[in-house]
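# A look at the structure
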Amino acid sequence: MRIRILETGEPPAPLKGEYGAYPAMFERLLAPFSSRFSFSASPVFKGAAMPALSDFDGLLITGSPAGVYDGDAWISEAEDLVRRTAKAGKPQIGVCFGHQLMAQAFGGAVEKSGKGWGIGVHDYALTGEAPWMAPPARRVSCAVSHQDQVIALPPDARTLGGSEFCPNGVIDYAQGPAISFQPHPEFSHDYGAALLRLRAGRMPGDRVDEGLSSYKGKSERQLIGQWMANFFLQYAR
């Protein structure tokens, strides 16, 4: 199964050399769950062309420092690709910026939250079920790093999980086989903590300390990775 990673941003330069780019992180997360996966990336934020529908069997949209409301041409082109992928019946998954992009593309609303930064490891209550959510769980903890949030769902979308800080944390869309996650399962705890330290000057000190402490705890990032793999394989042709 050919997974095309729509690369919408990259790690800060001081971290990229050690941890790799986002496509490498996602490949490390998903590859162990199926030998059927092959991966390629389109760095659209750098001006690469949007992939043709014939180029992939499943689409995965990464995080980005950009906002989906920024108005850049590549963002509107990515939204169009999301809608065309859904119409073609091909599975797609969005993470963080990708989560927000998919929600906006399908008719939802995204804005910079007055709650400020979501940082560290957050706990999400799961309020819905789906066949790909196996093994099942009632709660998952995972790294987050965001200011923007989905504040209104697209028509007929359903929230599968969220938190008090981020109510629309996991979304299942009605327009096609499409799901998205606000948290970052591709982030190892080492990377998440390093990223937080790098951005610490932009955030209140007490929240930074709390976020760094949370990286010493558990995470269900591997479970979310398994769910993502299950979702792709459920719709594999």
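Reference entry: report on the structure contained in this document. Computed from a predicted model, the values in this text were never measured in an experiment. (Residues numbered from 1 in each chain as written. Predicted model: local features only at pLDDT ≥ 70, side-chain atom pairs only at ≥ 80, totals over all residues. Heavy atoms only, no water.)

### So, the overall build of the protein chain
To keep it simple, the criterion reads: We count a stretch as a helix when DSSP gives it H or I for four or more residues in a row; a strand needs E for two or more, and each element gets its number in order from the N terminus. Note that the radius of gyration is over C-alpha atoms, with the globule rule given as 2.2 Å times the number of residues to the power 0.38. Working definition: with a 1.4 Å probe on protein chains only, accessible area under 20% of the residue-type maximum means buried, over 50% means exposed, and in between means partly exposed. For this analysis, residues touch if any pair of their heavy atoms sits within 4.5 Å. For the accessible areas, the method is Shrake-Rupley and the probe is 1.4 Å, while residue cover comes only from the protein chains on display.
Check the secondary structure of the protein chain and you find seven helices and eleven strands. Taking 2.2 N^0.38 as the reference for a compact globule, 237 residues should give roughly 18 Å; the C-alpha atoms of the protein chain span a radius of gyration of 16 Å, in line with that estimate. Expressed along its principal axes, the backbone C-alpha trace of the protein chain runs to roughly 45 × 40 × 35 Å. Of all 237 residues assigned to the protein chain, the portion counted as buried reaches 57%. Taking all contacts inside the protein chain whose residues are at least 6 apart in sequence as the whole, residues at least 24 apart take part in 75%. Split by element, the accessible area of the protein chain, about 9800 Å² in all, is 50% carbon and sulfur.

### Topic: the nonpolar core
A general tendency of soluble globular proteins is for nonpolar side chains to be buried together. Rules: Only buried residues count toward a nonpolar core. Its members are Ala, Val, Leu, Ile, Met, Phe, Trp, Tyr and Cys residues joined through side-chain atoms within 4.5 Å.
In this structure, Leu30, Leu60, Ile93, Trp132, Phe181, Met228 and Phe232 are the most contacted members of the largest nonpolar core, which totals 32 residues. If you list the elements that add at least two residues to this core, you get β1 (2-6), α2 (22-30), β4 (92-95), β6 (118-126), β7 (139-146), β11 (178-181) and α7 (221-234). Ranked by the residues each element gives to this core, the list is headed by α7, at seven residues. The next biggest cluster of nonpolar side chains, apart from the first, holds 26 residues, and it includes Leu6, Ile61, Ala86 and Ile171.

### Remarks on the pairing of strand β3 (residues 58-61)
Selection criterion: At least two DSSP bridges between two strands are required for those strands to pair.
Burial along β3 is two-sided: Gly58 and Leu60 facing one way and Leu59 and Ile61 facing the other are all buried. Pairing geometry for β1 and β3, over four bridges, is parallel. Each bridged residue has a counterpart across the sheet, and for isoleucine 5 the counterpart in β3 is leucine 60. Across three bridges, β3 lies against β4 in parallel orientation.

### Details of the sheet that holds β11
Applicable threshold: Under this scheme, a helix contributes an axis fitted over its contacting stretch, all axes are lines through C-alpha atoms, and angles between N-to-C directions fall in the 0 to 180 degree range.
Reading across from one edge, β2-β1-β3-β4-β11-β10-β9-β6-β7 is the order of the nine strands in this open sheet, with mixed pairing throughout. Both outer strands of the open sheet, β2 (38-42) and β7, are each paired with one neighbouring strand and no more. Shown here is a sheet whose adjacent strand axes are inclined to one another by a mean of 25°, direction ignored.

### Focus: the packing of helix α5 (residues 189-199) against helix α6 (residues 205-214)
Test applied: Each angle is binned into one of four classes, with values under 35 degrees roughly parallel, values over 145 roughly antiparallel, values of 65 to 115 roughly perpendicular, and all other values oblique. Each residue is assigned to one of three groups, with Ala, Val, Leu, Ile, Met, Phe, Trp, Tyr, Cys and Pro labelled nonpolar, Asp, Glu, Lys and Arg labelled charged, and all others, Gly among them, labelled polar.
As a packed pair, α5 and α6 sit with axes 9 Å apart at the nearest point and diverge in direction by 170°. Judged by the inter-axis angle, α5 sits roughly antiparallel to α6. Residues His189, Ala193, Leu196 and Arg197 of α5 lie in contact with α6, whose contacting residues are Val208, Gly211, Leu212 and Ser214. Of the residues that constitute the contact of α5 with α6, the class distribution is four nonpolar, three polar and one charged.

### Quick word on unusual backbone geometry
Cis peptide bonds are those with omega within 30 degrees of zero, and the linkage from alanine 134 to proline 135 qualifies with 0°. Secondary-structure assignment places proline 135 in the loop between β6 and β7. Unusually for a residue other than glycine, cysteine 96 sits at a positive phi of about 55°. A relative accessible area of 6% places cysteine 96 in the buried class. We note that aspartate 156 has phi near 65°; this positive angle belongs to a residue other than glycine. Turning to its location among the elements, aspartate 156 is positioned in the loop between β8 (148-152) and β9 (158-162).

### Some remarks on empty space enclosed by the protein
Convention followed: Put simply, the grid is 1 Å and covers the protein atoms alone, a cavity is a trapped set of points that fit a 1.4 Å probe, a pocket is an open set with protein on both sides within 12 Å along at least five of seven lines, and lining residues have an atom within 4 Å of a point. Grid points are joined across faces, edges and corners, and a volume is the space filled by probe spheres set on the points.
Summed over all chains, the structure comprises one cavity of 30 Å³ or more. There is about 60 Å³ of room inside the largest cavity. In this structure, the largest cavity is lined by Ile119, Gly120, Val144, Ser145, Phe187, Gly192, Leu195, Leu196, Arg199, Met203 and Tyr215. For the lining of the largest cavity, the secondary-structure elements that each account for two or more residues are β6, β7 and α5. Here the lining of the largest cavity gets four residues from one element, more than from any other, and that element is α5. Tallied by class, residues from the lining of the largest cavity come to seven nonpolar, three polar and one charged.

By themselves, these figures tell us nothing about what the structure is for.
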